[in-house]
Amino acid sequence: MKILDIILATILLTGLISCKKELDIDYHDIEPLTVIEAELTPLGINVGITLTTPMDEPMNLTRLTDASVTLTDLSADTTYILTAGNDGFFTDSTPGITGHRYRLTVVRGEKKYEAETVMYSPADFLSLGFNWIRMPYDHVAVLQAQFRDISDNDDYFWIKIYRNDKIYQWSEINDNGAVNGLLTFVTMTSRKDTEEEDESEVLYDGDVITATVSAVSREMYYYIEALQNDSNGPAMFSGDRCLGYFIATSPVERSVVFRPDEIPFY
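Let me sum up the structure you'll find in this document. The structure displayed is predicted, hence computed values, not measured ones.

1. Observations regarding the overall build of the protein
Alright, step 1. Within the protein, the regular secondary structure consists of two helices and 17 strands.
Alright, step 2. Buried residues in the protein amount to 39% of all 266 residues.
Alright, step 3. Carbon together with sulfur atoms contributes 51% to the accessible area of the protein, which is approximately 16200 Å² in total.

This is the structure we're talking about:
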């Protein structure tokens, strides 16, 4: 019986191998999708619209301005018409109001995209700093941020880290690990021997590291998580098919100067 099982398994495996050549996924020639990246803060709203780029072509970050973009404060029953600036972003300086619900509407030609979200309150950002940890290959600088949760409900946060005002890392965190209302975010950064570090990760003496913490919806949390894992995430817009997100949040930030000789060992 065992011999028969082995033979059957071999036949099945051979059949699967022979099927590989029949798979023909033409992912290079799909129609470009609209990508909408929108953020409402206490400073106003900023909306960038681009198109996806075929995998075999250089990324095209040209922002599209051939759209009608409006923001509706559903709580106040007020609509704002956004205008595109010279940089291609659609903006309006009206501050977002914590607790209000907003709808973003984008129309391009015959296609319409809409997304809704509530405006989240700011977190209390308490501290940001480095520690060296000893790894088998070198010492690594670990960046640690601590902040207070924003409510007793399930809360989700988007953390973005900048190196000299340019994006360095970003990640998502929820409040499942909160202790007495405090959340701690930890990430590995540069190793001590900078000559052995990748340019995308290396930090030099004097670099300014800034971390921003933004409360987001659960859907946005899973959207960010999917991007991190190169997997499918929830659709953030209704209407015609598009990619991107709309968040309404109150970012808080702290900065620290990277001084490797002054960092303590953990």
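2. A look at the sheet that holds strand β4 (residues 78-81)
Alright, step 1. Read across the open sheet, the five strands follow the order β4-β3-β7-β8-β15; overall the sheet is antiparallel. With one partner strand each, in any of the chains shown, β4 and β15 (238-239) form the two edges of the open sheet.
Alright, step 2. Of the pairings in the sheet, the one linking strand β3 (residues 68-73) to β4 comprises four bridges and is antiparallel in character. Bridge assignment links Thr72 to a residue of β4, and that residue is Thr79.

3. Here we look at empty space enclosed by the protein
Alright, step 1. Summed over all chains, the structure comprises one cavity of 30 Å³ or more.
Alright, step 2. Of the voids in this model, the largest cavity is the one considered here, and its volume is about 50 Å³.
Alright, step 3. If you go around the largest cavity, the residues you meet are Leu40, Leu71, Asp73, Tyr80, Thr94, Pro95, Gly96, Ile97 and Tyr102.
Alright, step 4. When grouped by side-chain class, the residues that make up the lining of the largest cavity number six nonpolar, two polar and one charged.

4. A look at a nonpolar patch on the surface
Alright, step 1. Side chains of Met135, Tyr137 and Met188 sit close together on the surface and give an oily, nonpolar patch of about 280 Å² of accessible area.
Alright, step 2. Structurally, Tyr137 can be placed in the loop between β9 (124-134) and β10 (139-148).
Alright, step 3. For Tyr137, a relative accessible area of 47% gives the class partly exposed.

5. Brief notes about the packing of aromatic side chains
Alright, step 1. For the coordinates displayed, the defined rule picks out nine aromatic pairs.
Alright, step 2. Ring geometry for Phe125 versus Phe147: centroids 6.5 Å apart, planes at 70°, classification edge-to-face. Within this pair, whereas Phe125 is found in strand β9, its partner Phe147 is found in strand β10, the two being separated by 22 residues in sequence. Both residues of the pair, Phe125 and Phe147, belong to the buried class.

6. Remarks on the side chain of Thr249
Alright, step 1. By the secondary structure assignment, Thr249 is in the loop between β16 (243-248) and β17 (252-257).
Alright, step 2. A polar side-chain atom of Thr249 sits 2.7 Å from the main-chain carbonyl oxygen of Ala215.
Alright, step 3. Aside from chain neighbours lying at most four places away, what touches Thr249 is Glu39, Leu40, Thr41, Pro42, Met119, Tyr120, Ser214 and Ala215.

7. Here we look at the nonpolar core
Soluble globular proteins tend to bury their nonpolar side chains together.
Alright, step 1. With 32 residues, the main nonpolar core has Val47, Val69, Leu104, Met220, Phe237 and Phe246 as its most contacted residues.
Alright, step 2. Secondary structure elements with two or more residues in this core: β1 (34-41), β2 (44-51), β3, β7 (101-108), β8 (111-118), β11 (156-163), α2 (218-228) and β16.
Alright, step 3. If sequence neighbours within four positions are ignored, Phe246 has contacts with Ala38, Leu40, Ile45, Leu71, Tyr102, Arg103, Leu104, Ala115, Glu116, Thr117 and Phe237.
Alright, step 4. Counting residues in each nonpolar core, the second largest holds 26 residues, with Phe125, Ile161, Val213 and Ala215 among its members.

What counts as what
- Residues numbered from 1 in each chain as written.
- Predicted model: local features only at pLDDT ≥ 70, side-chain atom pairs only at ≥ 80, totals over all residues.
- Heavy atoms only, no water.
- Helix = DSSP H or I, 4+ residues; strand = E, 2+ residues; numbered from the N terminus.
- Buried < 20%, exposed > 50% of the residue type's maximum accessible area, 1.4 Å probe, protein only.
- Areas by Shrake-Rupley, 256 points an atom, 1.4 Å probe, with all protein chains shown as cover.
- Pairing = 2+ DSSP bridges.
- 1 Å grid on protein atoms, 1.4 Å probe; cavity = no way out; pocket = protein on both sides within 12 Å on 5 of 7 lines; lining within 4 Å.
- Points joined across faces, edges and corners; volume = space filled by probe spheres on them.
- Nonpolar A, V, L, I, M, F, W, Y, C, P; charged D, E, K, R; others polar.
- Patch = residues over 30% accessible without salt bridge, like charges linked within 9 Å, V, L, I, M, F, W, Y side chains within 5 Å.
- Salt bridge = Lys/Arg side-chain N within 4 Å of Asp/Glu carboxyl O.
- Phe/Tyr/Trp six-rings, centres within 6.5 Å; stacked < 30°, edge-to-face > 60°.
- Polar contact = N/O pair within 3.5 Å; in protein donor to acceptor, adjacent residues only side chain to side chain.
- Contact = heavy atoms within 4.5 Å.
- Core = buried A, V, L, I, M, F, W, Y, C linked by side-chain atoms within 4.5 Å.

Geometric values such as these leave the question of function open.
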